[in-house]
Amino acid sequence: MARTRTRTRELYERAKQVFPFGVNSNFRYWGDDTNIFVRGEKGYVFDADENRYIDYRLAFGPVILGHGYPAVVRRVAEAIQDGCMYAATHPLEISVGERVKRLTGMDKVRFATSGTEATMHALRIARAYTGREVVIKFEGDYHGFHDYLLFTTALASRSSLGSRRSPINVPAGSGIPRALHDLVINLPYNDFEALERTVKAKWGNLAAIIVEPIMGNNASVMPVEGWLEHIRRLCTEYGIVMIIDEVKTGFRIARGGAQEYFGVRGDLATYAKSIANGFPLAAIAGTEEVMSVVGPGSVAHGGTYVGNIPGTAAAEVTLELLEKEDILGSIARRGQQLMAGLDRILTDAGLPHFIQGPPQMFGFVLGTDTPPRDYRDCLNTNLALYEHIIMELIERGAIAEPDCREPWFLCYEHSEADIDETLNLYADAVKAVKGAHG
Ligand code: PLP
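A. Representation of the pattern of salt bridges in the model. In the structure shown here, the tally under the stated rule is 24 salt bridges. Put simply, Glu-196, Lys-200, Arg-233 and Glu-237 are held in one network by salt bridges that share partners.

This is the structure:
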């Protein structure tokens, strides 16, 4: 049953001569199992040895339609015949901007190129708008690779977090300036009391509360009832900017993202990933009032690649399809089928588990059937068992992230047959792991 990985290993040896750890993102390093994919098609990826995997990573979420989705590829190929960027506004930017406004319900939009850039700019806007500097984020939430928020992401170990009452900011590695520690407060997600206490004590310095509306970097832990509304209320009451980081949820869990799904509105929201089916485009959107601070001589925003033609051309088609057709509903139905099947398999195997999140990006934990409420809860689940089963699944031909903190993503081109096949493979993987443990 073992898959051949000869060519993958050869290429990986070469990659190690060029890139630290042989990869261009630390998240892609899987030790000896580091992947080299050569192409994607619909809901599949193919490695350098032509092994096919049903893909539930979808590049960490952006591929909402499918790999190499023909309508998107055609539109991008057409658009780039005339060049990729001009350091001037292009009509495509305007039409995509209009669509983003319509779908998200936000008043104003500025583009960026990645989710990292979008959250970085959102922070600057919030600081400029409020004249304050400190930001609250939540343990286990991830907002990109810039230094400002790279504390207590899903890389922080349980023993480093400190007490719930006074959490420690854990930098995601060396090189993050000490001075930035003082500008970030990490709190447990879904903890109403800790948030209220902190806001009441520190509001005079608080520029923003940034939140992942579903913990898309922590097993899709859901906001408990009233949590997002609680943040909203405190932000309104104390003049703090609420930034909803929709980089994973935007244009995926609903056309209008988490704001539509939960009926809660941020002052700013950040988007990337599904906006362009994998092409580089991101957006910061917000209310007229908060976004009005952006401008020459006022608040800096820009970038050579901002509003680039491949990204905006891809977004135009992707958003048009999402708007006109019930694509997200169709993905949700497949996702429900997958969630129900996984639930059945784990129940039959007598493995305690809890599955959560919207079917377009759900997650689950093993070793407990209690719903995890925050990052600390997720770290108390059986991460090793989860990983072991996923590694067996990958060996059989379907791929999800071996770390339960990363959700399973679905795309429009995942078929019913793909889901059935995945469930058979997952059942076999569970059997193999249970067998190995006697
Ligand atoms: N915000 C969230 C919620 C994310 O999940 C991510 C990436 O996974 C980012 C921001 C950063 O986006 P990017 O990788 O495009 O820089």
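B. Fine view of the packing of helix H11 (residues 327-348) against helix H14 (residues 416-436). With their axes 10 Å apart at the nearest point, H11 and H14 run at an angle of 20 degrees to one another. Put simply, H11 runs roughly parallel to H14. Handedness of the crossing formed by H11 with H14: right-handed. Contacts between H11 and H14 involve Arg-334, Gln-337, Leu-338, Gly-341, Leu-342, Arg-344, Ile-345 and Leu-346 on the former and, on the latter, Glu-416, Ile-419, Asp-420, Thr-422, Leu-423, Tyr-426, Ala-427 and Val-430. Of the residues belonging to the contact of H11 with H14, the class tally is 9 nonpolar, 3 polar and 4 charged.

C. Inspection of the nonpolar core at higher detail. Judged by nonpolar contacts, the single largest core of 96 residues is most densely connected at Phe-138, Leu-195, Ile-231, Phe-364, Trp-408 and Tyr-426. Among the nonpolar cores identified, the runner-up in size contains 22 residues, and Ala-118, Leu-123, Ile-243 and Ala-282 belong to it.

D. Expanded view of helix H10 (residues 309-324). Helix length check: H10 (16 residues) gives 22 Å between terminal C-alpha atoms against 22 Å at 1.5 Å per residue, within 8%. For H10, a buried count of 13 out of 16 residues is recorded, marking the element as mostly surrounded by other parts of the structure. Capping the start of H10, Asn-308 holds a side-chain oxygen 2.7 Å from the backbone nitrogen of Gly-311, two or three residues further along.

E. Spotlight on the sheet that holds strand E3 (residues 52-55). If you trace the 4 strands from one edge of the open sheet to the other, you get E1-E2-E3-E13, paired in mixed fashion. The outermost strands of the open sheet, each flanked by one partner alone, are strand E1 (37-41) and strand E13 (398-399). Pairing of E1 with strand E2 (residues 44-47) involves 4 bridges; the strand directions are antiparallel. Directly across from Phe-37, in E2, lies its bridge partner Asp-47. Against the sheet, H14 engages E2, E3 and E13, with an angle of about 105 degrees to E3.

Conventions we followed
- Residues numbered from 1 in each chain as written.
- Predicted model: local features only at pLDDT ≥ 70, side-chain atom pairs only at ≥ 80, totals over all residues.
- Heavy atoms only, no water.
- Salt bridge = Lys/Arg side-chain N within 4 Å of Asp/Glu carboxyl O.
- Axes fitted to C-alpha atoms, helices over the stretch in contact; angles between N-to-C directions.
- Helix = DSSP H or I, 4+ residues; strand = E, 2+ residues; numbered from the N terminus.
- Parallel < 35°, antiparallel > 145°, perpendicular 65-115°, else oblique.
- Left-handed = near helix turned anticlockwise from the far one by under 90°.
- Contact = heavy atoms within 4.5 Å.
- Nonpolar A, V, L, I, M, F, W, Y, C, P; charged D, E, K, R; others polar.
- Core = buried A, V, L, I, M, F, W, Y, C linked by side-chain atoms within 4.5 Å.
- Buried < 20%, exposed > 50% of the residue type's maximum accessible area, 1.4 Å probe, protein only.
- Expected span 1.5 Å × (residues − 1).
- Polar contact = N/O pair within 3.5 Å; in protein donor to acceptor, adjacent residues only side chain to side chain.
- Pairing = 2+ DSSP bridges.

Functional significance is not addressed by these values, which are geometric in nature.
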